[in-house]
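# Examining the three-dimensional arrangement
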Protein chains: 2
Amino acid sequence: LDGAAMAAARSLQDRLTKPAGSLGVLEELSVRLAGLAGACPPPVPQPATVAVFAGDHGVHAQGVTPWPQEVTAQMVANFLDGGAVINAFARQTGASLTVVDVGVATPLKPVRGLVAKNVRRGTRDFTVEPALTRAEAVAAVEVGIGVAGDLVDRGENLLVTGDMGIANTTPAAALIAAFTGADPAEATGRGTGVDDDTYAHKTSVVRAGLDLHRPDPADPLGVLAAVGGLEHAALTGLILGAAAARVPVLLDGVIAVSAALVAAALAPDAIGAMIAGHRSVEPGASAGLRHLGLEPLLDLGLRLGEGTGAMLAVPIVAGAVRVLHDVATFDSAGVSEK
Amino acid sequence: LDGAAMAAARSLQDRLTKPAGSLGVLEELSVRLAGLAGACPPPVPQPATVAVFAGDHGVHAQGVTPWPQEVTAQMVANFLDGGAVINAFARQTGASLTVVDVGVATPLKPVRGLVAKNVRRGTRDFTVEPALTRAEAVAAVEVGIGVAGDLVDRGENLLVTGDMGIANTTPAAALIAAFTGADPAEATGRGTGVDDDTYAHKTSVVRAGLDLHRPDPADPLGVLAAVGGLEHAALTGLILGAAAARVPVLLDGVIAVSAALVAAALAPDAIGAMIAGHRSVEPGASAGLRHLGLEPLLDLGLRLGEGTGAMLAVPIVAGAVRVLHDVATFDSAGVSEK
């Protein structure tokens, strides 16, 4: 983060026609984005795009969710048809949607709009063996880095993390437990809303995976390969790619947070590009955000994924930066100071 | 609220391609707006407009704020020039701005865009005498009702409360204490950020006004006249006018909440049209929202007024309703259910 640009943004905030500090967390956000861009004012983070990475999970075989695995591919079709909640929110926001098959189990027909980057047709069951080889994990991270580069090259000024993958809160919980040290019981949530029995079982599945692999947080790619997912790995790459380009990346819920922990373990400076969009109902998301030192902008009880919570925060991030561009100073507007 | 439309919205939410309940508070919001409109889906609350009512305050003479009174008129000019934070946020949201002089002390030149409805050049000092006569309070309420009617007639589907008035958190605190029964110490906040001495003095000023007038919450217009403000009264009217037209009204911070308490005391059904946009730093705002049974959508540490916090919530409200219009059902999208 560029200290001079941040100082300039702080000084500008104090001269704008409003009481100093009266924009709350939006003032610090605008300062940080100035630091990220190395400019005051930083670019207004528009246009924005959500990159939805889809993948399946071998651990689905353990019965961690009542939803059938084919829903992942069906929802990819729904995204491409414009019928999912993330499509509605993206339209509301004026953002575009990028749908990437990085690991769907069902073979998908090549259709317009689908970015076909399947690394593997779903992960292996991490209660039996590592979910991915290290090479597969690296390949999926590289998919995300590549997508980030393409999106930034075409002029996107804000990247939003999106995901789809039936059972994907289970590897997210395992990643969060591995990186934060939280117990599986603290890191695991109810995902789509599983009942008490399934929840208890899901927690034991997460614990079994961690006990089997004993993932070492000092080896982030090793953790990702052992208990992660292909969409989690691709999101790690998206975050790293955005940070390298000094473009902000807005984190959605628990899947994004688990990927952010991997990214931060690989490159701590990447945290400077991360904005937490909303507080997922999933407890692991809060544990991960605490570990990253990020406070989410929204807390609306969402637990859907797809990038929906983060997409709702896009206008707020844009508004925070727009203040630095549009608002008059006391001098320029002839407004008296106290 | 129309029960059949609400039941239809609840049933639709459960058939959309997402886990039931996964949109958190946005689902209940969409249901309530269906009930308000008497239709499922209800109209998408766009376009939106913020009505900024400006007024001055006799109690300014008591030294409750370090800002000079002429800032009210200077900020009105800033709104009309497009240079204030509310202008930046409205541009970001695609909303329009309606600026109304309902009680500015400084005579304002008639300029394009200014709605000239001055009832009185500022209130009287409520520590000495009633701030307004009952007739003046009613006239200011009628200004707000009239503005609401004009905005609804021209096709606005969401009204946002805005305000400007140096010292106006002092009458807001008095109104909130009167209607909620909160002690002045709980209802009074630091406004633009006053220091400890000014804050203690401000609290004693609120207490003195309440002790002098002993306002009776069963006589809402009497309370408004005794310790209120002209922009507070106009916002009461805006809320009542929106509710009568079954158009949602998004509440900003402590000024809007104090006006909402008056509106709810006059017409309890009006609460059904109210959406709390954000949680102001002002403690009185939270006390008032509790009394109204409303939970704010945002909590970003804002304490600016002008309608800024509520304006940031506009895309969220629109997104909540858009889900009912745009999102496919499990049947229509061919997505399997659990």
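Thresholds, definitions, all that
Residues numbered from 1 in each chain as written. Chains lettered and ligands numbered in written order. Predicted model: local features only at pLDDT ≥ 70, side-chain atom pairs only at ≥ 80, totals over all residues. Heavy atoms only, no water. Helix = DSSP H or I, 4+ residues; strand = E, 2+ residues; numbered from the N terminus. Rg over C-alpha atoms; globule rule 2.2 N^0.38 Å. Buried < 20%, exposed > 50% of the residue type's maximum accessible area, 1.4 Å probe, protein only. Contact = heavy atoms within 4.5 Å. Axes fitted to C-alpha atoms, helices over the stretch in contact; angles between N-to-C directions. Parallel < 35°, antiparallel > 145°, perpendicular 65-115°, else oblique. Left-handed = near helix turned anticlockwise from the far one by under 90°. Nonpolar A, V, L, I, M, F, W, Y, C, P; charged D, E, K, R; others polar. Pairing = 2+ DSSP bridges. Least-squares fit on C-alpha atoms with pLDDT ≥ 70 in both. Domains from an automatic or database assignment. Buried area = accessible area lost by both parts, 1.4 Å probe. Salt bridge = Lys/Arg side-chain N within 4 Å of Asp/Glu carboxyl O. Polar contact = N/O pair within 3.5 Å; in protein donor to acceptor, adjacent residues only side chain to side chain.

### Re the overall build of chain A
- Of regular secondary structure, chain A possesses 14 helices and 6 strands.
- For a compact globule of 338 residues, the expected C-alpha radius of gyration is about 20 Å, and chain A comes in at 20 Å, within 12% of that figure.
- Reported as C-alpha extents along the three principal axes, the dimensions of chain A are approximately 70 × 40 × 35 Å.
- In chain A, which comprises 338 residues, the share counted as buried stands at 63%.
- Pairs at least 24 apart in sequence give 75% of the contacts found in chain A among residues at least 6 apart.

### Quick look at the packing of helix H5 (residues 134-153) of chain B against helix H10 (residues 230-244) of chain B
Residues and elements named next belong to chain B.
- Where H5 contacts H10, the axes come no closer than 6 Å and their chain directions differ by 45°. Taken together, the axes of H5 and H10 lie oblique to each other. Like other packed secondary-structure pairs, H5 and H10 cross with a definite hand, here right-handed. Between H5, through Glu 136, Ala 137, Ala 140, Val 141, Gly 144, Ile 145, Val 147, Ala 148 and Leu 151, and H10, the contact on the second element is made entirely by Leu 230, Ala 233, Ala 234, Thr 236, Gly 237, Leu 238, Leu 240, Gly 241 and Ala 242.
- Across the contact of H5 with H10, the residue classes tally to 13 nonpolar, 4 polar and 1 charged.

### As for the sheet that holds strand E4 (residues 158-164) of chain B
All names here are of chain B.
- The strand order across the open sheet formed by 6 strands is E3-E2-E1-E4-E5-E6, and the pairing between neighbours is parallel. Edge strands, defined here as strands with exactly one partner in the open sheet, are strand E3 (114-116) and strand E6 (274-276). Sheet twist, expressed as the mean angle between neighbouring strand axes with direction ignored, is 30°.
- Relative to E3, strand E2 (residues 96-103) runs parallel, the two being bridged by 3 bridges.

### Examining the side chain of A:Ser258
- Summarising the element assignment, A:Ser258 is placed in helix H11 (residues 254-266).
- What A:Ser258 contacts, discounting residues up to four positions off in sequence, is A:Ala172, A:Leu175, A:Ile176 and A:His232.

### What about the sheet that holds strand E4 (residues 158-164) of chain A?
Residues and elements named next belong to chain A.
- One open sheet holds the 6 strands; their spatial order is E3-E2-E1-E4-E5-E6, and the pairing between them is parallel. Each edge of the sheet is formed by a strand with only one pairing partner; in this case those strands are strand E3 (114-116) and strand E6 (274-276). Taken over all neighbouring pairs, the strand axes of this sheet differ in orientation by 30° on average, direction set aside.
- Alignment of strand E1 (residues 48-55) against E4, held across 7 bridges, turns out to be parallel. Residue pairing across strands places Val 50 opposite Val 160, the latter belonging to E4.
- Each of E1, E4, strand E5 (249-251) and E6 is contacted by helix H13 (residues 308-326), which is oriented at about 135° to E5, the strand it contacts most.

### Regarding the relation of the copies chain B and chain A
- You can overlay chain B on chain A at an RMSD of 0.0 Å; the transform is a turn of 180° with a shift of 0.0 Å along its axis. Expressed as an axis order, the relation between the two copies is that of a two-fold axis. Across chain B, the rotation axis passes nearest the C-alpha of B:Leu298, at a separation of 3.2 Å.
- Here 100% of the contact residues of chain B are again contact residues in chain A; the copies associate through an equivalent surface.

### Focus on the domain arrangement of chain A
All names here are of chain A.
- According to the domain assignment, chain A consists of domain 1 (3-43 + 323-333) and domain 2 (48-315).
- Here domain 1 and domain 2 have C-alpha centroids that lie 32 Å from each other.
- Of the residues lining the interface, 6 residues belong to domain 1; the matching set on domain 2 comes to 10 residues.
- Summed over both partners, the interface of domain 1 with domain 2 comes to about 670 Å²; 64% of that surface belongs to carbon and sulfur atoms.
- If you look at where domain 1 meets domain 2, you find 0 salt bridges.
- Applying the counting criterion to the domain 1 and domain 2 interface returns 4 residue pairs in polar contact (both at pLDDT 80 or more).
- Considering only residue class, the side of domain 1 that touches domain 2 consists of 4 nonpolar, 1 polar and 1 charged.

### Examining the interface of chain B and chain A
- Taken together, the contacts link 55 residues of chain B with 55 residues of chain A.
- Both faces combined, the contact of chain B with chain A buries some 4500 Å², and carbon together with sulfur accounts for 65% of it.
- Linking chain B with chain A are 2 salt bridges.
- Among the ionic pairs, B:Asp326 bridges to A:Arg91, the shortest N-O distance being 3.0 Å.
- Viewed at the interface, chain A and chain B are joined by 16 residue pairs in polar contact (both at pLDDT 80 or more).
- Elements with a contribution of two residues or more to the side of chain B that touches chain A: helix H2 (25-37), helix H3 (71-81), helix H4 (85-93), helix H13 (308-326) and helix H14 (330-333) of chain B.
- Among the elements that make up the side of chain B that touches chain A, the one with the highest residue count is H13(B) (9 residues).
- Its residues assigned to classes, the side of chain B that touches chain A shows 30 nonpolar, 16 polar and 9 charged.

### Looking at the packing of helix H6 (residues 169-180) of chain A against helix H9 (residues 220-227) of chain A
All names here are of chain A.
- Packing of H6 against H9 brings their axes to within 9 Å, and their N-to-C directions diverge by 150°. Classified by the angle between their axes, H6 and H9 sit roughly antiparallel to one another. The hand of the H6/H9 crossing is right-handed. In this structure, H6 uses Pro 171, Ala 174, Leu 175, Ala 178 and Phe 179 to contact H9, whose residues at the interface are Pro 220, Val 223, Leu 224 and Val 227.
- Of the residues that constitute the contact of H6 with H9, the class distribution is 9 nonpolar, no polar and no charged.

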